[in-house]
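Summary of the model geometry
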Amino acid sequence: MDLGVRWKLHGDGRTPAPGAVVRPDERLSWPRTAGLGAQHVVAMFGASFVAPVLMGLDPNLAIMMSGVATMVFLLATRGRVPSYLGCSLSFVGVAAVIRAEGGTSATVTGAVLVVGVALFLVGVAVQRFGARIIHAAMPPIVTGAVVMLIGFNLAPVTASTYWPQDQWTALLVMLFTGLAVVCLRGFWSRIAIFLGLIFGYGISWAFDRIFGKIHSVDASGRLTDHWRLDLSGVGQADWIGLPTVHGPSFEWSAILVALPVVIALVAENAGHVKAVGEMTGDDLDDKLGTAISADGVGSVLSTAVGGPPTTTYSENIGVMAATRVYSTAAYWAAACFALLFGLCPKFGAIVAAIPGGVLGGITVILYGMIGLLGAQIWINAEVDLRNPLNLVPAAAGIIIGVGNVTMEFTDTFELSGIALGTLVVITGYHALRFFAPAHLKTQEPLLDEGTSSYGEARS
């Protein structure tokens, strides 16, 4: 059985010829492959650092399980779809809602594990029936609206939790990260979040030396005098050790909050497969269902031991585009590096020490970017918001999701925020479509013949 773990040496193994690409089944020399793997790890570190911290989970375990999930993904796709599965930011809002309702880390990971199972089943369905079923259930207006409300639902987390801890550090980090994203080129722009974190550490350390302790709310929400950057846990952490694991706990209220994120994950995976197919020139339509299922399996494995869910990372697509090296051998190297980082508790302690003000500056941009990805889906699919069939359900669902509107059905069951907003968008669109006149049902499909052919009419 071909598992995609054999690679032909590309040329002399040093540098691709001008205009040439290193295909997924090729590799450069092993030292260069290892270097590319390290580059992929750095590219995904920024968001993968932030995600578990924001979700209240162990960053060491998160990095380790991202390596495991990546290996599973590469094996499942037989090495045809180069991808790194990092920690998904789509669930940060879900985790915040669950914890606000008294949920624990086990409750968070249990809810997300169910989402992983649902994602796996969606992938199986796509393998069986083709990409058309994605459009049938989740046309671009629905997908874009759900991604948008998931991102913008996070705004209060930044405004009330992170920014108040150190507003001036947050402002400087926001400005620096924004400049890095816009002004840097190539690989450096792809690790802008990582650079923003490093800058934030430096600014926090300098402010502590210059101004002393800050009088503000700390991570627990108490108003007190405290250091911006507290590295006491780093000195106490071991260099080598296993991360902390825990089992999941399943509660219906938490599961219902988390399930809408399936829509965002399907959109992310479809976009990733499409992008890789266009860059490599391969027809990967037949791997879309497999990629979605593999992502689901990776999330299940990670959350089963207490880690965060995983997803494909656009940062790594950027690295491939910049280097023109699509070798899956580089991703195997990246996965091995991630496993090693996961076995270093001192590394996890450094991540856990990220100052609240730094997270405030990073999340202002990061959460907004997540929400605006929904708008990007609308733009790419040429969604007509002048059409009331598109406008009404999206408008209602987004306001409900962002405003965290609550519907109480019984004394013990209610829906709010992300879950209720998603339900309104999906059911509202399909119900209105059933009654709408024919002239309003003219929106072109997002995935008609498969992801690789999408967009040809406009190119």
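Remember, predicted model here, so these are calculated numbers, not experimental data. (Residues numbered from 1 in each chain as written. Predicted model: local features only at pLDDT ≥ 70, side-chain atom pairs only at ≥ 80, totals over all residues. Heavy atoms only, no water.)

Time to look at the overall build of the protein. When you go through the protein residue by residue, the secondary structure sums to 20 helices and eight strands. The burial tally for the protein puts 54% of its 459 residues in the buried class. Long-range pairs, those at least 24 residues apart, make up 79% of the contacts in the protein between residues at least 6 apart in sequence. When the accessible area of the protein is evaluated, it comes to approximately 19,600 Å², of which 65% is carbon and sulfur surface. (Helix = DSSP H or I, 4+ residues; strand = E, 2+ residues; numbered from the N terminus. Buried < 20%, exposed > 50% of the residue type's maximum accessible area, 1.4 Å probe, protein only. Contact = heavy atoms within 4.5 Å. Areas by Shrake-Rupley, 256 points an atom, 1.4 Å probe, with all protein chains shown as cover.)

The next thing to look at is helix 3 (residues 92-100). Listed as buried for helix 3 are V92, G93, V94, A95, V97 and I98. Phi turns positive, to about 95 degrees, at G102, one or two residues after helix 3.

Applying the stated criterion to the full structure yields four salt bridges. Note that K8 is salt-bridged to D25, the shortest N-O span being 3.9 Å. Residue K8 is found in strand 1 (residues 8-9), and its partner D25 is found in the loop between strand 1 and strand 2 (26-27); the two are separated by 17 residues along the sequence. Accessibility expressed as a relative area gives 35% for D25, which makes it partly exposed. D208 is the partner of R228 in a salt bridge, and the nearest nitrogen-oxygen pair spans 3.0 Å. Residue R228 is located in the loop between strand 5 (223-226) and helix 11 (232-236), and its partner D208 is located in helix 10 (residues 192-211); the two are separated by 20 residues in the primary sequence. Each member of the pair, R228 as well as D208, carries the same accessibility label: buried. (Salt bridge = Lys/Arg side-chain N within 4 Å of Asp/Glu carboxyl O.)

So, about unusual backbone geometry. Unusually for a residue other than glycine, R78 sits at a positive phi of about 55 degrees. Looking at the element boundaries, R78 is found in the loop between helix 2 (59-76) and strand 3 (85-87).

This part takes up the nonpolar core. Counting 104 residues, the largest nonpolar core has L288, I362, Y367 and W378 as its most contacted members. A domain split of this core shows at least three residues from each of domain 1 (22-372) and domain 2 (384-439). Counting residues in hydrophobic clusters, the runner-up holds five residues, among them V22, L28, L36 and V325. (Core = buried A, V, L, I, M, F, W, Y, C linked by side-chain atoms within 4.5 Å. Domains from an automatic or database assignment.)

A few words on the environment of F152. Turning to its location among the elements, F152 is positioned in helix 6 (residues 140-152). Taking the C-alpha atoms as reference points, F152 and Y367, separated by 215 residues in sequence, lie 6.6 Å from one another. Apart from residues lying up to four places away in sequence, F152 is in contact with G368, G371, L372 and V402.

Right, let's talk about the packing of helix 4 (residues 105-129) against helix 14 (residues 288-304) for a bit. Two measures define how a pair of helices packs: the angle their axes make with one another and the distance between the axes. Packing of helix 4 against helix 14 leaves a shortest axis separation of 7 Å and a crossing angle of 160 degrees. Here helix 14 runs roughly antiparallel to helix 4, going by the angle between their axes. Classified by chirality, the crossing of helix 14 by helix 4 is left-handed. Facing T109, V112, L113, G116, V117, L119, F120, V122, G123, V124, V126 and Q127 of helix 4, the residues of helix 14 in contact are L288, G289, T290, I292, S293, D295, G296, V297, S299, V300, T303 and A304. Its residues assigned to classes, the contact of helix 4 with helix 14 shows 13 nonpolar, ten polar and one charged. (Axes fitted to C-alpha atoms, helices over the stretch in contact; angles between N-to-C directions. Parallel < 35°, antiparallel > 145°, perpendicular 65-115°, else oblique. Left-handed = near helix turned anticlockwise from the far one by under 90°. Nonpolar A, V, L, I, M, F, W, Y, C, P; charged D, E, K, R; others polar.)

In this section: a nonpolar patch on the surface. Judged by side-chain polarity, V117, F120, L121 and V124 come together as a nonpolar surface patch covering roughly 310 Å² of accessible area. Position of V124 among the secondary structure elements: in helix 4. (Patch = residues over 30% accessible without salt bridge, like charges linked within 9 Å, V, L, I, M, F, W, Y side chains within 5 Å.)

For the protein, the mean per-residue pLDDT works out to 81, and 89% of the residues sit at or above 70. pLDDT under 50 marks residues 444-459. Its contacts with residues more than four places away, or in other chains, come to 32 contacts. (pLDDT = per-residue confidence, 0-100.)

Right, let's talk about the packing of aromatic side chains for a bit. For the coordinates displayed, the defined rule picks out four aromatic pairs. Arranged with centres 5.4 Å apart and planes meeting at 70 degrees, the rings of F207 and F211 form a pair that is edge-to-face. Note that F207 and F211 are positioned in helix 10 at a spacing of four residues, about one turn of the helix. For F211, a relative accessible area of 58% puts it in the exposed group. The positively charged end of R209 is found above the aromatic ring belonging to W227, 5.7 Å away from the centroid. Sitting above the plane of the W239 ring, K346 keeps its charged end 5.1 Å from the centroid. (Phe/Tyr/Trp six-rings, centres within 6.5 Å; stacked < 30°, edge-to-face > 60°. Lys NZ or Arg CZ within 6 Å of the ring centre and 35° of its normal.)

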